[in-house]
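Structure at a glance
Next come the chains, spelled out residue by residue.
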Amino acid sequence: MLRLENVTLCQGTFTLRAELEVPSGAVVAVIGPSGAGKSTLLSVIAGFLAPISGRVTWDGEDLTRLPPGARPVSVIFQDNNLFPHLSVFQNVALGIRPSMRLSREEEARVRAMLARVGLDGLENRRPAQLSGGQQSRVALARIAVAGRPVALLDEPFAALGPALRHEMLALVAELAAETGLTVLIVTHDPEDARRIAQRTILVADGIAAPPVDTAALFTDPPPALRAYLGT
Amino acid sequence: MIRALPGVAAALAVAGLTLGTLVVVALRAEGVARLGPGDWAAIRFTLVQAALSAGLSVALAIPVARALARRRFAGRGVLITLLGAPFILPVIVAVLGLLAIFGRNGALSSVLGWFGLPPVQVYGFHGVILAHVFLNLPLATRLILQGWLAIPAERFRLAATLGLAPRDVRRLLERPMLRSVVPGAALVIFLICTTSFAVALTLGGGPRATTVELAIYQAFTLEFDLGKAALLSLVQVAICACAAVIALGAAVPAGFGAGLDRMIARWDAPRGWRRLADGAIIAAAAAFLLLPILAVIADGLMALGGLPAGVWKAAGRSVLVALTAAALALALALPLALLIQRAGRFGGLIEPVAYLSIATSPLVIGTGLFILLFPVANPVALALPVTAVVNAAMSLPFVLRALMPALRDAEAAHGRLADSLGMTGWARLRYLLLPRLRRPAGFALGLSAALSMGDLGVVALFADPAQATLPLALYQLMGAYRMDDAAGAAVLLLGLSLGLFWVFDRGGRLNAAA
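Computed from a predicted structure; not experimentally measured.

Overview of the overall build of chain B
Across its full length, chain B carries 21 helices and 0 strands. Taking 2.2 N^0.38 as the reference for a compact globule, 514 residues should give roughly 24 Å; the C-alpha atoms of chain B span a radius of gyration of 24 Å, in line with that estimate. Principal-axis analysis of the C-alpha atoms gives chain B an extent of 75 × 75 × 50 Å. Expressed as a percentage of the 514 residues in chain B, the buried residues total 54%. Within chain B, contacts between residues at least 6 apart in sequence are counted, and of these 84% link residues at least 24 apart.

Observations regarding the overall build of chain A
Helix and strand counts for chain A come out as 8 helices and 11 strands. For chain A, the spread of C-alpha atoms along the three principal axes comes to 50 × 40 × 30 Å. Across the 231 residues in chain A, those meeting the buried criterion constitute 54%. By sequence separation, contacts in chain A at least 24 residues apart represent 67% of the contacts at least 6 residues apart.

Here we look at the environment of R408 of chain B
All names here are of chain B. Among the structural elements, R408 can be located in helix α17 (residues 383–420). On the basis of relative accessibility, which here comes to 40%, the residue R408 falls in the partly exposed class. In contact with R408, other than residues within four places in its own chain, are I340, Q341 and E351.

Structural notes on the interface of chain B and chain A
With 18 residues of chain B at the interface, the matching set in chain A holds 22 residues. Roughly 1800 Å² of surface becomes buried between chain B and chain A when both sides are summed, with 65% attributable to carbon and sulfur atoms. On inspection of chain B and its partner chain A, the count reaches 0 salt bridges.

A short note on the packing of helix α2 (residues 37–70) of chain B against helix α12 (residues 273–303) of chain B
All names here are of chain B. It is the contact of α2 with α12, at a shortest axis distance of 9 Å, that shows an interaxial angle of 115°. For the crossing formed where α2 meets α12, the hand is left-handed. Contacts between α2 and α12 pair P63, V64, A67, L68 and R70 from the former with R274, D278, I281, I282 and A285 from the latter. Residues that form the contact of α2 with α12 fall into these classes: 7 nonpolar, no polar and 3 charged.

Section: the packing of aromatic side chains
If you walk through the whole model with that rule in mind, you get 12 aromatic pairs over all chains. A ring pair is formed by F87 of chain B and F398 of chain B, whose centres lie 5.0 Å apart and whose planes are at 80°; its orientation type is edge-to-face. In this pair, F87 of chain B sits in the loop between α3 (76–82) and α4 (91–102) while F398 of chain B sits in helix α17, placing the two residues 311 residues apart along the sequence. Using a relative accessible area of 28% as the deciding quantity, one classes F398 of chain B as partly exposed. Centroid distance F134 of chain B to F288 of chain B: 5.7 Å. Interplanar angle 85°. Geometry classified as edge-to-face. Within this pair, whereas F134 of chain B is found in helix α6 (residues 125–150), its partner F288 of chain B is found in helix α12, the two being separated by 154 residues in sequence. Grouped by ring-pair contacts, the aromatic residues F220, F224, F370, F374 and F462 of chain B constitute a single cluster. Against the face of F48 of chain A rests R416 of chain B, its NZ or CZ located 4.3 Å from the ring centre.

Quick notes on the domain arrangement of chain B
Residue and element names in this part refer to chain B. What the domain assignment reports for chain B is domain 1 (1–30 + 304–514) and domain 2 (47–302). Centre-to-centre separation of domain 1 and domain 2, based on C-alpha positions: 25 Å. Opposite the 45 residues of domain 1 that make contact, domain 2 presents 47 residues. Summing the contributions of domain 1 and of domain 2, the shared interface buries around 3800 Å²; its carbon and sulfur component is 81%. If you look at where domain 1 meets domain 2, you find 0 salt bridges. Connecting domain 1 to domain 2 are 4 residue pairs in polar contact (both at pLDDT 80 or more). At the level of elements, α1 (5–28), α15 (356–359), α16 (362–373), α17, α18 (425–453), α19 (458–462), α20 (470–479) and α21 (483–509) are the ones that each hand at least two residues to the side of domain 1 that touches domain 2.

Quick notes on the domain arrangement of chain A
Residue and element names in this part refer to chain A. Domain annotation of chain A identifies domain 1 (2–72 + 148–229) and domain 2 (82–147). For domain 1 and domain 2, the distance between their C-alpha centroids amounts to 25 Å. Taken together, the contact between domain 1 and domain 2 spans 15 residues of the former and 12 residues of the latter. Considering only the side of domain 1, the residues that lose the most area to domain 2 are R148, L171 and L175, jointly responsible for 42% of the buried surface there. E178 is paired through a salt bridge with R116; the nearest N and O atoms lie 2.8 Å apart. Our count for the domain 1 to domain 2 interface comes out at 4 residue pairs in polar contact (both at pLDDT 80 or more). Ranked by residue count, the leading element in the side of domain 1 that touches domain 2 is helix α5 (residues 162–179), at 9 residues. Residues that form the side of domain 1 that touches domain 2 fall into these classes: 10 nonpolar, 1 polar and 4 charged.

What to know about the pattern of salt bridges
Evaluation of the coordinates by the stated rule reveals 23 salt bridges over all chains. A salt bridge links E5 of chain A to R55 of chain A, with the shortest nitrogen-to-oxygen separation between them at 3.2 Å. One end of the pair, E5 of chain A, is in strand β1 (residues 2–11); the other, R55 of chain A, is in strand β4 (residues 53–58), with 50 residues separating them in the sequence. For R55 of chain A, a relative accessible area of 36% corresponds to the partly exposed category. The salt bridge involving D485 of chain B is made with R482 of chain B; its shortest N-O contact spans 2.9 Å. Judged by its relative accessible area of 39%, R482 of chain B falls in the partly exposed class. Ionic contacts of the salt-bridge type, sharing partners, join the residues R3, E5, E21, R55 and D62 of chain A into one network.

Overview of the pairing of strand β8 (residues 182–186) of chain A
Residue and element names in this part refer to chain A. Counting buried residues along β8, 5 of its 5 residues qualify, which places the element largely inside the surrounding structure. The alternating pattern of β8 places T182, L184 and V186 on one face and V183 and I185 on the opposite face, and all of these are buried. By the bridge criterion, 4 bridges tie strand β3 (residues 27–31) to β8 in an arrangement that is parallel. By the bridge assignment for β8, V30 is matched with V186. Between strand β7 (residues 150–154) and its parallel partner β8, the chain crosses via α5, and the hand of that crossover is right-handed.

Here we look at the side chain of E213 of chain B
All names here are of chain B. With respect to the helices, strands and loops of the structure, E213 is situated in helix α10 (residues 212–221). For the buried E213, no salt bridge is present, and the opposite-charge side chain at shortest range is K228, 15 Å distant. Separated by 2.6 Å, the side chains of E213 and S361 make a polar contact. Discounting chain neighbours no more than four positions away, the residues touching E213 are T194, T195, S196, F197, Q236, S361, P362, L363 and V364.

Side note on the packing of α4 of chain B against α21 of chain B
Residue and element names in this part refer to chain B. α21 packs onto α4 with a crossing angle of 135° between their chain directions and a minimal axis gap of 10 Å. Judged by the inter-axis angle, α4 sits oblique to α21. Note that α4 runs across α21; the crossing there is left-handed. Contact residues: I92, V93, L96 and L99 in α4; M483, A486, A487, A490, L493 and L494 in α21.

Description of the state of the cysteines
Residues and elements named next belong to chain B. As enumerated under the stated definition, the model contains 0 disulfides over all chains in all. Note on C240: no disulfide assigned, nearest cysteine sulfur contributed by C242 at a separation of 9.4 Å. The exposure class of C240 is buried, given its relative accessible area of 0%.

Procedures and definitions
- Residues numbered from 1 in each chain as written.
- Chains lettered and ligands numbered in written order.
- Predicted model: local features only at pLDDT ≥ 70, side-chain atom pairs only at ≥ 80, totals over all residues.
- Heavy atoms only, no water.
- Helix = DSSP H or I, 4+ residues; strand = E, 2+ residues; numbered from the N terminus.
- Rg over C-alpha atoms; globule rule 2.2 N^0.38 Å.
- Buried < 20%, exposed > 50% of the residue type's maximum accessible area, 1.4 Å probe, protein only.
- Contact = heavy atoms within 4.5 Å.
- Buried area = accessible area lost by both parts, 1.4 Å probe.
- Salt bridge = Lys/Arg side-chain N within 4 Å of Asp/Glu carboxyl O.
- Axes fitted to C-alpha atoms, helices over the stretch in contact; angles between N-to-C directions.
- Left-handed = near helix turned anticlockwise from the far one by under 90°.
- Nonpolar A, V, L, I, M, F, W, Y, C, P; charged D, E, K, R; others polar.
- Phe/Tyr/Trp six-rings, centres within 6.5 Å; stacked < 30°, edge-to-face > 60°.
- Lys NZ or Arg CZ within 6 Å of the ring centre and 35° of its normal.
- Domains from an automatic or database assignment.
- Polar contact = N/O pair within 3.5 Å; in protein donor to acceptor, adjacent residues only side chain to side chain.
- Pairing = 2+ DSSP bridges.
- Right-handed = clockwise from strand over helix to strand, strands pointing away.
- Lys, Arg positive; Asp, Glu negative; His and termini not counted.
- Parallel < 35°, antiparallel > 145°, perpendicular 65-115°, else oblique.
- Disulfide = S-S within 2.5 Å.

Pasting the structure below:
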């Protein structure tokens with residue numbers, strides 16, 4: 001279980017408070033107006049930003065002081081998720097071990113995962129030789145083999161068209177179900193949230209609210225969400 | 001994170017090489033009272049020629065840059081690329097070229113001879129100035145052209161729709177730009193000219209045309225007066241440091257700079273006689289800059305086959321020194337760059353260490369190393385390693401300037417991803433940073449190899465003739481009036497300098513993924 005206990009963080013005059021829990025294996029959407037702090041919330045969990053108070057824990061272990069690389073957390077950013085000078089295989093292999101010295105069994109795991117996400121035979125391509133959807137698949141394959149139980153996705157498919165985005169969301173859902181990943185995915189589209197996440201965290205007015213049932217949230221949105229959705 | 005230790009070690013090595021040698025020199029230096037009238041003349045000449053060279057280079061560069069900025073013609077891109085070449089052109093080759101055109105037996109004197117006029121004389125005060133303008137006019141032109149191209153195209157379009165006369169364009173657009181660009185360009189050239197050694201050695205000399213650098217060399221080799229050489233070194237550092245501090249405030253060029261061949265559409269470009277004048281200016285500048293080099297090549301290609309074996313051996317030594325210097329410069333710059341990047345805000349405190357070599361001079365470092373080495377070893381035996389070390393220190397600022405932006409970009413684009421993957425130390429270096437640094441590192445290696453290849457400086461202090469590098473061998477051939485062999489050696493030197501640059505720069509681009 002991922003817990004944010006009494007977390008407060010400041011960036012200049014901007015403050016965000018969070019007191020919430022995400023159960024293991026859940027896929028949770030994070031929604032809210034631009035600039036409300038959705039990415040900031042993910043940065044705290046990933047370890048790029050230190051909160052001024054409070055703790056972030058995973059299964060009772062305090063993560064607050066750990067550097068990003070030592071946390072049980074994978075991240076997919078809005079862009080620059082792949083190293084352009086490395087092959088598809090190498091980009092995925094980095095998820096297992098940064099030194100990229102893999103055992104045979106681990107290499108086989110990378111290959112199997114690439115096949116699983118539909119990138120069979122593209123192991124030696126560079127990212128520039130792939131389509132946008134294929135690049136997303138590489139990033140997803142990496143977090144699936146990484147063995148880190150939490151995945152943070154910060155509007156990862158914003159650059160893709162609707163059909164491709166839906167396809168990727170479905171792949172995220174499948175991979176999460178297969179590997180037991182706990183997923184937090186930032187989106188600005190209620191439709192995306194409904195598609196993938198049973199529960200949704202609303203970030204608005206300086207507060208990241210505990211996850212609530214997605215369908216219920218959009219049926220009866222609180223005022224801040226109502227203003228954002230324009231309904 | 002990348003470990004800090006190698007960077008700290010590199011910073012200490014650079015500081016030792018620059019500040020350390022300075023301390024050694026200061027301890028050995030004799031009182032200011034030892035400065036004779038000749039030395040004061042050298043100080044005066046250094047300042048006067050640097051000021052005059054800078055002023056003339058900039059004054060001539062303004063019309064050339066203006067013509068290049070507002071005219072389109074075939075070969076414009078090539079010409080602008082060539083304006084970057086003098087940076088890696090060996091000074092001694094340039095001198096030989098100027099002799100071929102402006103020398104007593106040069107092309108100009110021959111033409112004058114047809115009209116019964118006496119030949120021109122290129123040695124002495126005006127020869128030094130001529131060579132400095134030849135070497136720095138391209139740099140000044142590029143810097144000022146950069147200023148012209150930085151004026152937004154919309155302003156010129158506006159000027160055209162308002163029907164402004166050239167005089168109004170000058171007053172409203174061009175003069176404000178020149179006011180901000182010209183002082184920086186002039187200062188940079190002044191700084192370069194204050195450490196002039198090879199030009200003064202070959203074209204200057206005597207009481208009226210000796211620079212402080214040359215005076216250090218003479219105190220060394222003619223008088224073997226270490227105390228005086230050390231004293232003159234302190235004077236040299238004082239001059240350089242003052243100029244460097246002032247120049248640092250102004251815009252210092254980022255070496256070659258790309259994108260200058262871009263052309264802004266200029267609807268306001270005046271027609272008629274001004275068009276012809278622009279053409280004449282460009283043609284004259286191109287002729288002034290290209291003819292000397294073409295003359296050397298024409299003279300030298302024939303002599304290349306008959307070069308004495310000693311020249312080829314010197315070429316071999318030079319290539320070895322150049323490769324060592326380039327490797328050393330990168331070995332110092334890379335950990336320094338990583339340390340500066342890692343230090344974040346505090347990187348600004350470390351970066352100046354790399355630029356210390358600008359505030360000192362090759363002969364000063366050489367003098368310091370000589371004083372250090374003399375009691376424990378034979379400096380002459382160490383001439384080549386010392387030359388490589390000093391060359392590496394001199395090219396360090398350029399190497400660092402090439403690496404830093406790429407390093408910052410790599411961290412900005414992929415640093416967080418690497419952090420989240422736990423890529424630290426060697427893994428980060430191997431799989432994130434080094435691949436992103438390949439192109440600038442190739443460029444930087446090429447640059448420092450070419451600079452070292454063509455350098456005639458500290459090696460003249462140390463080396464005995466049997467251990468000469470190619471530039472020194474070329475100088476000796478000139479001294480012996482073997483001008484054919486000298487031209488041949490110059491072609492060889494030019495080819496090797498440009499070749500080394502090309503090979504490394506190319507190597508950095510080859511197979512480099514975007």
